[in-house]
Amino acid sequence: MIPSPLQSLSWPWRITWVYLTFFLFIPMVALLLRALTLSPAEIWRIATDPVALSTYNVTFLTALAAGAINGVAGLITAWVLVRYEFPGKRFLDAVIDLPFALPTAVAGLTLSTIYSNNGWIGGLLAPYGIKVSFTRLGVLVAMIFISLPFVVRTVQPVLQEMEAEAEEAAWSLGASPWQTFWRVLLPPLMPAILTGVALGFSRAVGEYGSVVIIAGNIPFKDLIAPVLIIQRLEQFDYAGATVVGSVLLLISLLALLLINFLQSQGRRYL
Amino acid sequence: MTDVLPPSRGLTPTAARPRVNWVKWGLISLVVAYLALLLLVPALNVVVQALKGGWASLGTVFTSRFFLNALRLTLIATLITVPLNTVFGLCAALAIANKTFPGRTLLISIIDLPFSISPVVAGLMLVLLYGNNGWFGPLLQAGEIKIIFALPGIVMATIFVTMPFIAREVLPALEESGTEQEEAAATLGATSWQTFWRVTLPSIKWSLLYGLILCNARAMGEFGAVAVVSGNITGKTQTLPLFIEEAHAQYDNPAAYGAALLLGCLAVVTLVLKYLLERNTHVRRTYH
């Protein structure tokens, strides 16, 4: 990566690299070097400790479930916002971004109140024995909340570009609405949907603020990996925090690679 | 019905319309219900809970010492973070836009990296670097400089998580406006500084504003990264989101919801500004 002499001299170029080095590269290297001071056997022992394993289970499976739910819901939402006219449409479109604008502490606070046993929605579910706040279901609700906008916002522009002609052609050739959906609409939308799901998943995996407030944070039940890192730090268990943090970092980087791959797939369709 | 007129189904209005409308309104209701359960009802709840005790109780919360300290710290951290990230974002966008060099795509991905890293992991990195047990710990202790459990740590954590916002909004705008005007200004004898202020900045101002709004909202609301580095010392290193968490943990609902109402208003202002910018300008929404 050798920039031309002119670029290497320009001030924007220099400031960019100094800033990145100081605020991004050095901290990342600090984490990786700290992890490397441990022996491989030790890393493996800490990374696969039963509590750590249970937090991966809760974090990744719940984030995956949130991603899948938002994949379907986001597709329907994007469809409704692009293809239909109805009163209040602009308002709904603007409200979709609320999870990006609302601090996660506020989200966790209000969701935990509403979905608690005597809350507005939790109170309706309690008679059926469904508890949301302070359970893994609460973690799911928080994760769905914070990853809600991604699929809507990745699918919306693709849907806008798509011509209604292909659907009309399928209709007039006698395809059922169901066939039209599966064979004509879904394939070109798939890369956008998967990109949105992957973005939402990666956001949900790293989420701390809203989950820590709505969950009970009990190991083997609803403790997520980011909360475990903080608990380990509070016990001055730096090795434990470092290893779990590195596992999370690794998964984030893999998710990023997947997202980049999906986006390059999406470009081929357009 | 189908065995009478199979191919012309879409052309017979009487047969097709009621069916399509049913699907349309069914889907709209589904979406409204989904968004109500997850977004609208929770947002409404913040207002209702905050005003439950009346304006007087809200006033008590807003004038309490710990609340004011948390608000002050949040504002200070934001006021340091946002300008620094603006300078970085503009520099990064100027360095990358309309240029080709090896590793360009990689550099863009690197700038986006903080969005993929869990804020808690970002905070952990800073603790491992500047904490008492960290790489620079002994050095900082010798110089009696406190970064972790103090304002510099909070600022660095906030900078980390909000780093990409400005760059990713300004970069596409710069690419779209091209380099012709800058070249013209340069031929007419403008210095690069003049060109930036008089030509480049006006052409990207809306995208810059858009990035600023998003960066500001995230900086004021950041929780995970700050929670790791701040130590959460009430009245000293507690930001507003941490204040909310602690008030909630101590069952002090009026305080938690008072602070939540304030941050909720910030979210509403953010959404309104965002909406106006998207409607009145050609700012693109970029989500990666």
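These numbers come from a predicted model, not from an experiment.

Novice: How should the domain arrangement of chain A be read in this particular structure?
Specialist: One frequently used descriptor of interface size is the decrease in accessible area upon assembly of the parts. Annotation of chain A at the domain level lists domain 1 (1–37) and domain 2 (40–269). Averaged C-alpha coordinates put domain 1 of chain A and domain 2 of chain A at centres separated by 31 Å.

Novice: What am I meant to see in the domain arrangement of chain B here?
Specialist: Residue and element names in this part refer to chain B. Assigned domains of chain B: these are domain 1 (1–51) and domain 2 (53–280). Put simply, the middle of domain 1 and the middle of domain 2, counted by C-alpha atoms, are 39 Å apart. With six residues of domain 1 in contact, the opposing surface of domain 2 contributes seven residues. Partitioning the side of domain 1 that touches domain 2 into residue classes produces five nonpolar, one polar and no charged.

Novice: Just checking my understanding: could you explain the interface of chain B and chain A for this structure?
Specialist: Facing the 75 residues of chain B at the interface are 75 residues of chain A. Partitioning the side of chain B that touches chain A into residue classes produces 56 nonpolar, 14 polar and five charged.

Novice: Is there a simple way to think about the confidence of the model for chain B in this case?
Specialist: Note that predicted coordinates carrying low pLDDT should not be read in detail. Residue and element names in this part refer to chain B. Here chain B shows a mean pLDDT of 88. Residues at 70 or above account for 91%. Of all secondary-structure elements in chain B, the lowest mean pLDDT belongs to helix α1 (residues 13–51), at 84, while helix α7 (residues 151–162) reaches the highest, 96. In this model, residues 1–18 is a region of pLDDT below 50 whose contacts with residues beyond four sequence positions or in other chains number 10 contacts.

Novice: In this structure, what is going on with the environment of Leu36 of chain A? I would like to understand it.
Specialist: Along the chain, the position of Leu36 of chain A falls in helix α2 (residues 11–36). For the pair Leu36 of chain A and Thr242 of chain A, spaced 206 residues apart in sequence, the C-alpha to C-alpha distance is 9.8 Å.

Novice: Sorry, what's going on with the environment of Glu234 of chain A here?
Specialist: Residues and elements named next belong to chain A. Summarising the element assignment, Glu234 is placed in helix α13 (residues 225–234). What makes Glu234 exposed here is the crowd of 10 C-beta atoms within 10 Å. Through-space distance from the C-alpha of Glu234 to that of Val80 is 47 Å; in sequence the pair is 154 residues apart.

Novice: Help me understand unusual backbone geometry in this model?
Specialist: Trans peptide bonds make up the majority, and among non-glycine residues the majority have a negative phi. Residues and elements named next belong to chain B. For Glu144, which is not glycine, the phi dihedral falls at a positive 55°. On the basis of neighbour count, Glu144 is assigned to the exposed category, with 6 C-beta atoms found within 10 Å. Phi at Phe149 takes a positive value of approximately 65°, unusual for a residue other than glycine. Structurally, the position occupied by Phe149 is in the loop between α6 (137–142) and α7.

Here is what the cut-offs are and how they apply
- Here the residue numbering is sequential within each chain, running from 1 through the sequence in written order.
- Chain letters start at A and ligand numbers start at 1, both assigned in the order the entries are written.
- Since the coordinates come from a predicted model, pLDDT governs what is reported: local features require at least 70, and pairs of side-chain atoms require 80 or more to be given and counted, while whole-chain, interface and lining totals use all residues.
- Annotation comment: domain bounds sourced from an automatic or database domain assignment.
- Placing C-beta atoms from the backbone, we regard two residues as in contact once those atoms come within 7 Å.
- Amino acids are sorted into nonpolar (Ala, Val, Leu, Ile, Met, Phe, Trp, Tyr, Cys and Pro), charged (Asp, Glu, Lys and Arg) and polar (every other residue, Gly among them).
- Each residue carries a pLDDT score, the predictor's own confidence in it, on a scale running from 0 to 100.
- Starting at the N terminus, helices and strands are each numbered in turn, a helix being any DSSP run of H or I of at least four residues and a strand any DSSP run of E of at least two.
- Each residue is classed by its C-beta neighbour count within 10 Å, where at least 20 other C-beta atoms makes it buried, 12 or fewer makes it exposed, and intermediate counts make it partly exposed; the C-beta atoms are placed from backbone geometry.

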